[in-house]
Amino acid sequence: MTQHTHDRLLIIDFGSQVTQLIARRLRELNVYCEIHPFNTVDDAFLDAFAPKAIILSGGPASVVNADAPRPPSSVFERNVPVLGICYGQQLMMDMLGGKVEGGKISGGGGTAEFGRAYVTPAVEKSDLLMGWFATDREQVWMSHGDHVSAIAPGFEVLGTSPHAPFAITADQSRNFYAVQFHPEVHHTPNGLKFFENFIRIAGFSGDWTMNAYREEAIEKIRATVGDSHVICGLSGGVDSSVAAALIHEAVGDQLTCVFVDHGLLRKNEAEEVVTMFRDNMNLKVIYADERELFLGELEGQSDPETKRKIIGRLFIDVFQKYANQIDDAKFLAQGTLYPDVIESVSFSGGPSVTIKSHHNVGGLPEKMGLKLVEPLRELFKDEVRVLGRELGLPPSFIGRHPFPGPGLAIRCPGEITRAKLDILREADAVYIDQIRKHGLYDDIWQAFVAILPVRTVGVMGDGRTYDFACALRAVTSVDGMTADYYPFSHEFLGETATRIINEVPGINRVTYDITSKPPGTIEWE
Ligand code: XMP
């Protein structure tokens, strides 16, 4: 069996929308875990992974069907604790000798359940539910069509809900636990405590800390890179900044960063990023001033995908040009995060529709004969921020809102002109200043101004104006996949509109975009 430095927990994914939340909860408890799709987990994998505990996720399938996805039966023979959640519970019961029935979703006395439910205890005391039931019932979140109709031999009921007589079940002698609800979601308020109990039962020591991760990552980078040189595309975003700072700590001057200024950055952005990394942190940073190249090629282009393609192509060319000037460059650093790496379970197998072709530097390493260094591959975004703080990056960098690779190009619908970009930069700076002054920056996931391709008539003083309209955008989100507009007060919006119109020549009308995603997207293009 493989030896690992940390206790490891394996989450077998059966395609639930919220599997990633299981991992996040466990990481909060300093437990190292990985998510793997059910169809990649076999006996050899289990031996190599050497899990100290296993969690079977929820999923959309029905164990009643013959072709339902299943884990190898050996997950129950490894002598490690197993927790089944929702579909995972049904699998456990089905595979260990219980019974599962298909639920009727509407009417007819079916037992499908979606949404909030309340569980009450069925036993006096249990290790799994320590700290639960401070009041006589505990709120949980249910989302299931099928239900368990008979529990497997050896199991007992620890908790029930009005529609789920087997809401919480356990075979405590074998350390098998199975719940019908989702302890990983926000709507199960005491879910973290539930996981804490499970990992305590499983004997985890909570040895996954960011400090330990940092030390190990540095050792790994040194061992991988040796005496060669690493290049890193630095955008000033959290991921590339933290990756650069970490690699610099590992190999010092063997790292060179390339900061590409495509002329589509925000006010003072290039200067702030280059000063911070070059002067304050002593990194080697090449400032690639390619504004003319990008803006020249974008002239006359108004289609969003064409803009993205031009920027993506030029970015690779430019990066390659500067990288070629660095002797002995054998590695390319990328700020890839864990959510980009997790393979998703696909039941339909069909390709998903491309809404926007987000550019990255994919394809570059092979073309240039470079190997990848991805020191953040095992981390979630919030963990990257913790690591950034450990590495001494200032809070203003760590807490930055995301900024898209194509920059202001996709916040300038229609044709891009230098004049419009200048107006946009000024308006955006006033807007962000307002947000910071009102102490709202950290409550908002992303905020920016888009300059609209419309001019409107206004009156200022005694004169007529005929200037651009702009839209303010501010959203709350967890991962950018879905989003809602931020509920600013009317007072804030009024004050901001007045400031933008007074301080930014070229804009005479301000609107606030209150579209959620879906059906909208966060950016305007
Ligand atoms: P959308 O507009 O798709 O944006 O709702 C979701 C998140 O992705 C960012 N975004 C991009 N990032 N290249 C990037 O690197 C792109 O082409 C791109 N388009 C959108 C957007 O800023 C938001 O954070």
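Note that the coordinates shown come from a computational prediction; the quantities given were computed from them, not determined experimentally.

Quick notes on the rules
- Residue indices follow the written sequence of each chain, beginning from 1 at its first position.
- The predicted origin of the model limits local features to residues at a pLDDT of at least 70 and limits the giving and counting of side-chain atom pairs to 80 or more, whereas totals for whole chains, interfaces and linings rest on all residues.
- Hydrogen atoms and water are omitted, and side-chain values are computed over all heavy atoms in the structure.
- By the criteria applied, helices consist of DSSP H or I runs no shorter than four residues and strands consist of E runs no shorter than two, each listed in order from the N terminus.
- The globule rule is 2.2 Å times the number of residues to the power 0.38, and the radius of gyration it is compared with is taken over C-alpha atoms.
- When accessible area is computed with a 1.4 Å probe and restricted to protein chains, residues below 20% of their type maximum are described as buried, those above 50% as exposed, and intermediate ones as partly exposed.
- In this analysis, two residues are considered to be in contact whenever any of their non-hydrogen atoms come within 4.5 Å of each other.
- Values of accessible area rely on a 1.4 Å probe in the Shrake-Rupley scheme; residue burial ignores everything except the protein chains shown.
- In summary, the charge assignment counts Lys and Arg as positive and Asp and Glu as negative, without counting His or the chain termini.
- One atom stands in for each charge, and that atom is NZ of Lys, CZ of Arg, CG of Asp or CD of Glu.
- Nearness of a residue to a molecule or strand requires only that one of the residue's heavy atoms be within 4 Å of it.
- Within 3.5 Å is the distance limit for a polar contact, defined as a pair of N or O atoms, with the added protein rule that one can donate a hydrogen and the other accept it, and that residues adjacent in sequence qualify only through two side-chain atoms.
- Three classes are used, and their members are as follows: Ala, Val, Leu, Ile, Met, Phe, Trp, Tyr, Cys and Pro are nonpolar, Asp, Glu, Lys and Arg are charged, and the others, Gly among them, are polar.
- Each domain span listed reflects an automatic or database assignment of domains.
- UniProt positions are given in the numbering used here, feature names are shortened, and annotations may be inferred rather than shown by experiment.
- Lines fitted to C-alpha atoms define the axes here, with helix axes fitted over just the stretch in contact, and angles between the N-to-C directions of these axes take values from 0 to 180 degrees.
- Any angle from 65 to 115 degrees is called roughly perpendicular, while one under 35 is roughly parallel, one over 145 is roughly antiparallel, and all others are oblique.
- Crossing handedness is read from the near helix: turned anticlockwise from the far helix by less than a right angle, it gives a left-handed crossing, and turned clockwise, a right-handed one.
- We treat two strands as partners when DSSP finds at least two bridges between them.

Turning to the overall build of the protein chain, a few remarks are in order. When helices and strands are counted, the protein chain shows 15 helices and 20 strands. Taken over C-alpha atoms, the radius of gyration comes to 27 Å for the protein chain, in line with the 24 Å a tight globule of 525 residues would show. On the principal axes, the C-alpha backbone points of the protein chain span a range of 80 × 60 × 40 Å. Here the protein chain holds 525 residues, and the buried ones make up 53% of them. Here the analysis covers contacts within the protein chain between residues at least 6 apart in sequence; of these, 77% occur between residues at least 24 apart. With an accessible surface of roughly 23500 Å², the protein chain has 50% of that area assigned to carbon and sulfur atoms. Both charge centroids of the protein chain, one from 49 positive and one from 69 negative side chains, sit 3 Å from each other.

With that settled, the discussion passes to the site of the ligand. In the vicinity of the ligand, 16 residues are found, and the nearest of them are Arg308, Lys356, Lys517, Ile522 and Glu523. Contact distances for the ligand include 2.7 Å between an oxygen atom and a side-chain N or O atom of Arg308. Burial of the ligand by the protein chains amounts to 87% of its free accessible area of 490 Å². Counted by class, the shell around the ligand contains six nonpolar, six polar and four charged residues. Looking at which domains feed residues into the shell around the ligand, each of domain 2 (210-398) and domain 3 (417-512) gives three or more.

Within this numbering scheme, the UniProt entry marks Cys86, His182 and Glu184 as carrying the feature "active site" (unreviewed entry). The greatest C-alpha distance among the annotated residues, which extend across 99 residues, is 11.1 Å, indicating that they converge on a single site. Along the polypeptide, Cys86 turns up in the loop between strand 4 (82-85) and helix 3 (87-96). Cys86 gets classed as buried once you look at its relative accessible area, which sits at 5%.

Once that is clear, we can look at the packing of helix 8 (residues 291-298) against helix 9 (residues 304-323). Relative to each other, helix 8 and helix 9 sit at 150°, their axes nearing to 10 Å. For the element pair helix 8 / helix 9, the angle class is roughly antiparallel. Seen along the crossing, helix 8 lies across helix 9 with a hand that is right-handed. Along the contact surface, helix 8 presents Leu293, Phe294, Glu297 and Leu298, while helix 9 presents Lys307, Ile310, Ile311, Arg313, Leu314, Phe315 and Val318.

If you walk across this open sheet you meet the nine strands as 2-1-3-4-11-10-9-6-7, and the pairing is mixed. Of all strands in the sheet, those with a lone pairing partner are strand 2 (32-37) and strand 7 (138-144), marking the two edges. Strand after strand, the sheet turns through a mean of 25° between neighbouring axes, direction not considered. In this structure, strand 9 (residues 156-161) lies alongside strand 10 (residues 164-171), joined through four bridges in antiparallel fashion. Of the residues in strand 10, the one forming a bridge with Glu156 is Ala170.

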